[in-house]
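# Report on the structure
What follows is each chain in one-letter form.
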Amino acid sequence: MSGDLERLRRLLGGPDLAWLLERMRYRLEAGRPLEGTVTLRSATTAQRAAVARLFGTPLRPSTTASVRLAELEAELARSGVWSAGLEAAVVALTGPYEVRAEVLAERRAAWEAAWAPVLEVVEGHPAVGHRDALRAWWQRELATGIARRAAPTPEVAGALAEQLAGVLQRLPADGVAIGSLAHDATGSAHALDRGPLASLALRAARALVDVPAEVTDEGDREAWAAVGVVRDEVSSTVLTLALPAEPEGATGRALAAWAETGQPVVLTLRQLRFDPPAWLPPAVVRVVENPVVLSSIADQALAAGVAPPPVVCTAGWPSAAAVRLLRELRAAGWELRHHGDFDPDGVAITDWLVREVGALPWRMGAADYAEALDAGLGRAAPVGSVTASWDAELGPAMHRAQRVVEEEAVLSTLVTDALGSPTARSVRSRHSVRTSRPYPASTI
């Protein structure tokens with residue numbers, strides 16, 4: 001108890017202020033906050049005098065008695081009578097209360113109706129995997145109270161839900177600018193710049209691709225990029241090496257020229273959208289996580305006097321440009337073989353590329369992990385729960401070892417594989433992979 005109950009009773013518990021306590025308790029039982037002003041019309045002189053004593057003001061000629069509840073709460077705290085808040089004071093004087101059942105039912109119905117547009121999108125998303133991810137995300141938003149804090153009333157929630165549903169319906173996207181997405185979903189190009197809608201939509205994007213919640217500008221950019229949304233079409237880039245394209249159009253001619261020299265080239269999303277190259281007959285492209293792997297393959301090829309193999313580097317989570325490029329190559333019949341770090345992020349990136357662009361894991365099995373550890377190439381680091389859809393033994397093995405193996409540690413092996421050593425091999429899946437076709441014999 002934070003205050004003097006006897007003084008509180010003398011101040012508020014008399015018969016001349018019984019109407020005030022009754023009004024405040026009625027509000028609490030109706031589920032309403034103790035805010036605003038309470039007014040008694042046709043108040044007696046004794047009732048008006050009791051209100052004047054509460055605040056130490058003179059009695060004025062009037063027929064009403066009014067109490068501003070925020071001022072009453074502040075006065076109780078200032079005078080030292082009661083500092084636990086006005087609601088606690090009402091409970092201390094009148095006993096515990098329960099919100100009336102019909103009020104709760106009405107409130108529940110109002111909130112359910114307000115958020116219904118979001119639930120309709122979550123339950124009706126065309127891709128089952130995305131539907132499950134969105135459902136789990138939305139349950140968390142409701143359970144943690146984040147959604148309620150973003151929209152304090154059903155009326156506000158209803159307007160927010162319509163806009164959020166419009167955004168969710170358009171995810172994942174295919175290299176769309178965030179301003180265009182916002183305009184198409186809400187009518188305002190700046191609706192996703194900041195505010196409750198932007199925060200909810202960003203968390204939904206993270207849930208869709210399971211991107212770690214790194215609250216930084218770069219982390220936000222990666223999360224949006226992973227669902228095909230870009231801040232702009234120029235800053236989203238992808239690093240490539242020796243992608244064989246027809247020497248037609250500016251992008252195709254540039255790729256052909258750089259391929260002849262064996263030098264890496266950076267492509268922007270804008271180039272891929274507005275001047276896409278025509279790819280030469282299908283082949284195998286190595287997809288790596290770290291730029292040092294691509295540059296080392298280029299260096300070794302130049303040193304050996306051979307043409308480097310096609311390589312794409314995602315530089316961590318794939319940018320919108322990288323995703324678009326990989327999907328184009330896959331659609332053209334190319335075989336994508338991906339290697340990443342043996343750490344939680346690297347496994348998550350590989351799993352996403354397997355699922356979303358049909359990539360094949362390359363030296364990413366439990367046996368490859370064990371081989372690296374046996375060679376002393378791992379380093380100690382926390383490894384929590386890791387799931388690899390292509391190899392059920394990899395996650396438990398990493399969790400037991402509590403060690404990660406970065407691509408730089410196995411660089412020589414990756415370079416040898418990429419340059420065509422007869423000992424090159426890829427991981428054979430012991431379990432089904434969620435791609436459109438099984439592993440071809442050439443990847444074993």
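As a reminder, the structure under discussion sits directly above these lines.
In this report, we go over the structure that sits alongside the text. (Residues numbered from 1 in each chain as written. Predicted model: local features only at pLDDT ≥ 70, side-chain atom pairs only at ≥ 80, totals over all residues. Heavy atoms only, no water.)

### Focus: the environment of G333
Relative to the elements of secondary structure, G333 occurs in the loop between α16 (320-331) and β9 (335-339). Among the residues examined, G333 registers a relative accessible area of 40% and is labelled partly exposed. The sequence separation of G333 and A50 amounts to 283 residues, and the corresponding C-alpha distance is 85 Å. (Helix = DSSP H or I, 4+ residues; strand = E, 2+ residues; numbered from the N terminus. Buried < 20%, exposed > 50% of the residue type's maximum accessible area, 1.4 Å probe, protein only.)

### Quick notes on unusual backbone geometry
With an omega dihedral of -10°, the bond running from L171 to P172 counts as a cis peptide bond. With respect to the helices and strands, P172 occurs in the loop between α9 (154-168) and β3 (176-177). For A315, which is not glycine, the phi torsion reads 55° and is therefore positive. Summarising the element assignment, A315 is placed in the loop between β8 (311-313) and α16. A positive phi angle, near 50°, is found at Q402, a position not held by glycine. Within the secondary structure, Q402 is located in the loop between α19 (394-401) and β12 (403-404). Residue Q402 is classed as partly exposed on the basis of its relative accessible area, which comes to 29%.

### Quick word on the side chain of R286
Locating R286 in the fold gives a position in strand β7 (residues 284-288). Side-chain polar atoms of R286 contact the backbone oxygen of D417, separated by 3.5 Å. (Polar contact = N/O pair within 3.5 Å; in protein donor to acceptor, adjacent residues only side chain to side chain.)

### A word on helix α5 (residues 86-94)
Each α-helix turn comprises 3.6 residues. Residues three or four places apart therefore point the same way. If you check which residues of α5 are buried, you get L86, A89 and V90. Down the axis, α5 shows its buried residues gathered within 100° of arc, on one side only. Along its buried surface, α5 packs onto α1 (5-12), α2 (18-29) and α4 (69-78). Taken from the residues just after α5, G95 is the one with a positive phi, measuring 95°. (Arc of directions from axis to C-beta. Contact = heavy atoms within 4.5 Å.)

### As for the packing of aromatic side chains
Scanning the model with the defined rule gives five aromatic pairs in all. On the numbers, 5.2 Å between centres and 70° between planes, the contact of W115 with W138 is edge-to-face. Taken together, the residues span a long stretch of sequence, with W115 in helix α6 (residues 101-124) and W138 in helix α7 (residues 128-143) at a distance of 23 residues. Of the two residues, W115 and W138, neither departs from the other in class, the shared state being buried. By the ring-pair criterion, three or more aromatic residues cluster together here, those being W111, W115, W137 and W138. If you follow R148 out to its NZ or CZ, it ends over the ring of W111, 3.8 Å from the centre. (Phe/Tyr/Trp six-rings, centres within 6.5 Å; stacked < 30°, edge-to-face > 60°. Lys NZ or Arg CZ within 6 Å of the ring centre and 35° of its normal.)

### A look at the sheet that holds β9
Working definition: the strands of a sheet are paired by backbone hydrogen bonds and lie parallel or antiparallel to each other. Overall, mixed pairing links the six strands, which are arranged β6-β5-β8-β7-β9-β10 in an open sheet. A single partner strand is all that each edge strand has here, and the edge strands are β6 (265-268) and β10 (360-361). Where helix α15 (residues 291-304) meets the sheet, its contacts fall on β5 (237-241), β7 and β8, and the angle it forms with β5 comes to roughly 25°. (Pairing = 2+ DSSP bridges. Axes fitted to C-alpha atoms, helices over the stretch in contact; angles between N-to-C directions.)

### Some remarks on the environment of S236
Considering the arrangement of structural elements, one finds S236 in the loop between β4 (229-230) and β5. Judged by relative accessible area, S236 falls into the buried class, the value being 6%. Considered as a pair, S236 and S79 are 157 residues apart in the sequence and their alpha carbons are 60 Å apart. Beyond its immediate stretch of four places on either side in the chain, S236 contacts V230, L267, T268, L269, S319, A320 and A321. Within the local environment of S236, its side chain forms a polar contact with the backbone nitrogen of A321, the two atoms lying 3.0 Å apart.

### Quick look at the pattern of salt bridges
Following the criterion strictly, the structure yields 15 salt bridges and no others. Between R78 and E75 there is a salt bridge whose closest N-O contact spans 2.6 Å. Placement of the pair is R78 and E75 together in helix α4, with a separation of three residues, close to one helical turn. Notably, a salt bridge pairs R203 with E141, separated by 3.1 Å at the nearest N-O pair. With R203 in helix α11 (residues 196-209) and E141 in helix α7, this pair connects stretches of sequence that are 62 residues apart. The partly exposed category is assigned to R203, whose relative accessible area is 28%. (Salt bridge = Lys/Arg side-chain N within 4 Å of Asp/Glu carboxyl O.)

### Quick look at the pairing of strand β2 (residues 64-68)
Of the two faces of β2, only the one carrying A65 and V67 is buried; T64, S66 and R68 on the other face are not. With five bridges joining them, strand β1 (residues 37-41) and β2 adopt antiparallel strand pairing. Each bridged residue has a counterpart across the sheet, and for L40 the counterpart in β2 is A65.

### Quick notes on the nonpolar core
W115, V118, W137, L164, L192 and W224 are the most contacted members of the largest nonpolar core, which totals 70 residues. Here the element with the most residues in this core is α11; it accounts for nine residues. Setting aside residues up to four positions removed in sequence, V118 forms contacts with W137, W138, A161, L164, A165 and L168. (Core = buried A, V, L, I, M, F, W, Y, C linked by side-chain atoms within 4.5 Å.)

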